Amino acid sequence: MRLFVLFAFAALPAMCAITRDPGPIPELRPLREELSASVEKRRDLLPWFVGTAIIAVVVGVAAVWPKKQPPQPLAPYAFARKELEGLNGTVVTPLVLSTVVRGYLLDAFHIPARGATSEELLHWLAAHPQWDTQLSGETAAFFSECDEAKFSPTQPEQHPEWIERALALIARIERRRLTPAS
């Protein structure tokens, strides 16, 4: 949009300098006497100055126009919490819960293994300096139950308390992650 407005104002001086077509050339008149040296052909520069001033103002306004800042991304914990709280307890599946908790762990601990299995993810976490090893057992048990339910031939029963369990797990992990080790 700014580029269009700038182009329109850039074309303004050229439009001001162009005059209308006078129509057909009239018949020649007889020669006039010569003009005196005091009378010179004056070229009108006012449209050029006005056009240049308009362009300068538009460029100045465009330079100081505030840029739209993209919204700050949510922290991994806030994003995971929002996702879990948005789930309906009657249609929650182990796959969804596992995916949200995995996403939180990968983002919070900056782990590049997006396609890792649960065991590989826990191995990556164990090697991370901010990971509290006391939470490894609970996290492993959570992923184990989710994997078992995911790959079970029968559809598991819907457990609305799994959402609360996942929320509590990520809350404990986040608290330990932000608390410096003593």
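This write-up is about the structure you can find in this document.

1. Details of the overall build of the chain
- Secondary structure assignment for the chain yields 7 helices and 0 strands.
- Secondary structure elements in the chain, listed N-terminal to C-terminal, are α-α-α-α-α-α-α.
- For the chain, the proportion of its 182 residues judged to be buried stands at 25%.

2. Regarding the pattern of salt bridges
- Across all of its chains, the model carries 6 salt bridges by this definition.
- Among the salt bridges present, the one from D107 reaches R114, with a minimum N-O distance of 2.6 Å.
- A relative accessible area of 32% places D107 in the partly exposed class.

3. So, the packing of aromatic side chains
- Under the defined criterion, the tally for this structure stands at 3 aromatic pairs.
- Ring plane angle 75° and centroid distance 5.6 Å describe the contact between F109 and W131, whose orientation is recorded as edge-to-face. With a gap of 22 residues between them, F109 in the loop between α4 (94–108) and α5 (118–127) and W131 in the loop between α5 and α6 (136–150) connect regions that are remote in the sequence.
- A relative accessible area of 1% places F109 in the buried class.
- The ring of F143 carries R102 above its face, with NZ or CZ at 5.1 Å from the centroid.
- Here R177 stacks its cationic end above the ring of F109, 6.0 Å away from the centre of that ring.

4. Observations concerning the packing of helix α3 (residues 76–85) against α4
- Contact pair α3 / α4: the axes reach a minimum separation of 9 Å and the direction vectors enclose 170°. Our classification of the angle between α3 and α4 gives roughly antiparallel. From α3, P76, Y77, A80, E83 and L84 reach across to α4, where they touch L97, V100, Y104, D107 and A108.
- Residue classes in the contact of α3 with α4 are distributed as 8 nonpolar, no polar and 2 charged.

5. Overview of helix α2 (residues 46–64)
- Taking 1.5 Å per residue, 19 residues should reach 27 Å; α2 reaches 27 Å between its end C-alpha atoms and fits that length.
- Listed as buried for α2 are P47, G51 and V58. Buried positions in α2, seen along its axis, are confined to an arc of 30° and lie on one side of it. Across α2 from its buried face, at more than 90 degrees, point the exposed residues L46, F49, V57, A63 and V64.

6. Some details on the environment of L95
- Its location among the elements puts L95 in helix α4.
- Residues L95 and F151 lie 56 residues apart in sequence; the distance between their C-alpha atoms is 9.5 Å.

7. Points about the environment of Y104
- Structurally, the position occupied by Y104 is in helix α4.
- In this structure the C-alpha to C-alpha distance between Y104 and R81, which are 23 residues apart in sequence, comes to 9.1 Å.
- Ignoring sequence-local partners within four residues, the contact set of Y104 consists of P76, Y77, A80, I170, I173, E174 and R177.

Definitions and cut-offs
- Position numbers for residues count from 1 along each chain, tracking the sequence in the order it is written.
- Selection of residues for local features in this predicted model requires a pLDDT of at least 70, selection of side-chain atom pairs for listing and counting requires 80 or more, and totals for whole chains, interfaces and linings are taken over all residues.
- For the side-chain quantities, the full set of heavy atoms in the structure was used; hydrogens and water were omitted.
- Helix numbers and strand numbers start at the N terminus; a helix is a DSSP run of H or I with at least 4 residues, a strand a run of E with at least 2.
- Only protein chains enter the accessibility calculation, which uses a 1.4 Å probe; a residue whose area is less than 20% of its type maximum is buried, one above 50% is exposed, and one in between is partly exposed.
- Salt bridge, as applied in this entry: a Lys or Arg side-chain nitrogen positioned within 4 Å of an Asp or Glu carboxyl oxygen.
- We call Phe, Tyr and Trp rings a pair once their centres come within 6.5 Å, taking the six-membered ring for Trp, and we label the pair stacked below 30 degrees between planes, edge-to-face above 60, and tilted otherwise.
- Put simply, a charge is over a ring when the Lys NZ or the Arg CZ is close to the ring centre, within 6 Å, and near the line of the ring normal, within 35 degrees.
- A fitted line through C-alpha atoms serves as each axis, taken over the contacting stretch for helices, and the angle formed by two N-to-C directions is quoted from 0 to 180°.
- Note on terminology: angles under 35 degrees are roughly parallel, angles over 145 are roughly antiparallel, angles of 65 to 115 are roughly perpendicular, and the others are oblique.
- Note on contacts: a residue pair qualifies if any of its non-hydrogen atoms lie within 4.5 Å across the two residues.
- Each residue gets one of three labels, nonpolar for Ala, Val, Leu, Ile, Met, Phe, Trp, Tyr, Cys and Pro, charged for Asp, Glu, Lys and Arg, and polar for the others, Gly among them.
- Here a helix's expected span is defined as the number of its residues, less one, multiplied by 1.5 Å.
- Along the arc lie the directions from the helix axis toward the C-beta atoms.

Taken by themselves, the reported measurements are silent on function.
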